[in-house]
Amino acid sequence: NNMAIRNIVKLGDEILTKKCREVKEINDRIICLLDDMTETLKAANGVGLAAPQVGVLKRVAVVDTGDTVLELINPEIIYTEGEQTDAEGCLSYPGRYGLVTRPKIVKIRATDRNGAVYEYTGEDLVARAFCHEIDHLDGHFFTELVTEWIETE
Ligand code: ZN
């Protein structure tokens, strides 16, 4: 397989405002998309990446838990608990961070590349990433939720 780093679209691109379509069939294009998204996420040193950020309007995202990169096809949040307020940023808006309140614990249900449905409970940064990436799939950007911008440098 030939993994490739894809171009990450930036805030202002209309594609980031669109709702993504459900994945009906996990074909070679979806596998290639997942491979490329993981490659792109690692190259950019990010925590999460959603398909619309590489120009694809499909319900696909990848999230780095620190141990592994989770592949999320048609993810949904099935449980949340608590609250956390912390700095959040996005690869589509480089260098800008704002305070965003998210649940402390987020449990998702998603499909993996083999078509198996799995559940995963994330805390703190991973919980934040799940919310952030699933927002992307619905055309939402974290800037909508920022309560205070953090001055860098
Ligand atoms: Zn983002």
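That block above? That's the structure.
Attention in this report is confined to the structure presented alongside it. (Residues numbered from 1 in each chain as written. Predicted model: local features only at pLDDT ≥ 70, side-chain atom pairs only at ≥ 80, totals over all residues. Heavy atoms only, no water.)

Counted by the stated rule, this structure contains six aromatic pairs. A centroid spacing of 6.0 Å and a plane angle of 90 degrees characterise the contact between Y93 and W149, whose relative ring orientation is edge-to-face. One end of the pair, Y93, is in the loop between β4 (84-88) and β5 (97-102); the other, W149, is in strand β8 (residues 148-150), with 56 residues separating them in the sequence. Here Y93 falls in the partly exposed class, since its relative accessible area comes to 24%. (Phe/Tyr/Trp six-rings, centres within 6.5 Å; stacked < 30°, edge-to-face > 60°. Helix = DSSP H or I, 4+ residues; strand = E, 2+ residues; numbered from the N terminus. Buried < 20%, exposed > 50% of the residue type's maximum accessible area, 1.4 Å probe, protein only.)

In terms of nonpolar packing, the biggest core is built from 26 residues, with V63, L72, V106, I108, Y118, F130 and F142 touching the most fellow members. Looking at this core, the elements that each hand over two or more residues are β2 (60-64), β3 (69-81), β6 (105-111) and α2 (125-137). Among the elements that take part in this core, α2 stands out by supplying seven residues, more than any other. Setting aside anything within four residues of it in sequence, one finds I108 in contact with L72, E76, I77, I78, Y118, E119, Y120, F130 and I134. In terms of nonpolar packing, the next biggest core, distinct from the first, is built from 15 residues, I8, V23, L33 and A51 among them. (Core = buried A, V, L, I, M, F, W, Y, C linked by side-chain atoms within 4.5 Å. Contact = heavy atoms within 4.5 Å.)

Relative to the helices and strands, R113 is located in the loop between β6 and β7 (117-123). According to the relative accessible area criterion, R113 is partly exposed, its value standing at 25%. For the pair R113 and E71, spaced 42 residues apart in sequence, the C-alpha to C-alpha distance is 7.3 Å. Discounting chain neighbours no more than four positions away, the residues touching R113 are I26, I31, L34, D35, E71 and I73. A distance of 2.7 Å separates a polar atom in the side chain of R113 from a polar atom in the side chain of D35. Among the polar contacts made by the side chain of R113, one reaches the side chain of E71 at a distance of 2.7 Å. (Polar contact = N/O pair within 3.5 Å; in protein donor to acceptor, adjacent residues only side chain to side chain.)

By themselves, these are just geometric observations and shouldn't be taken as functional.
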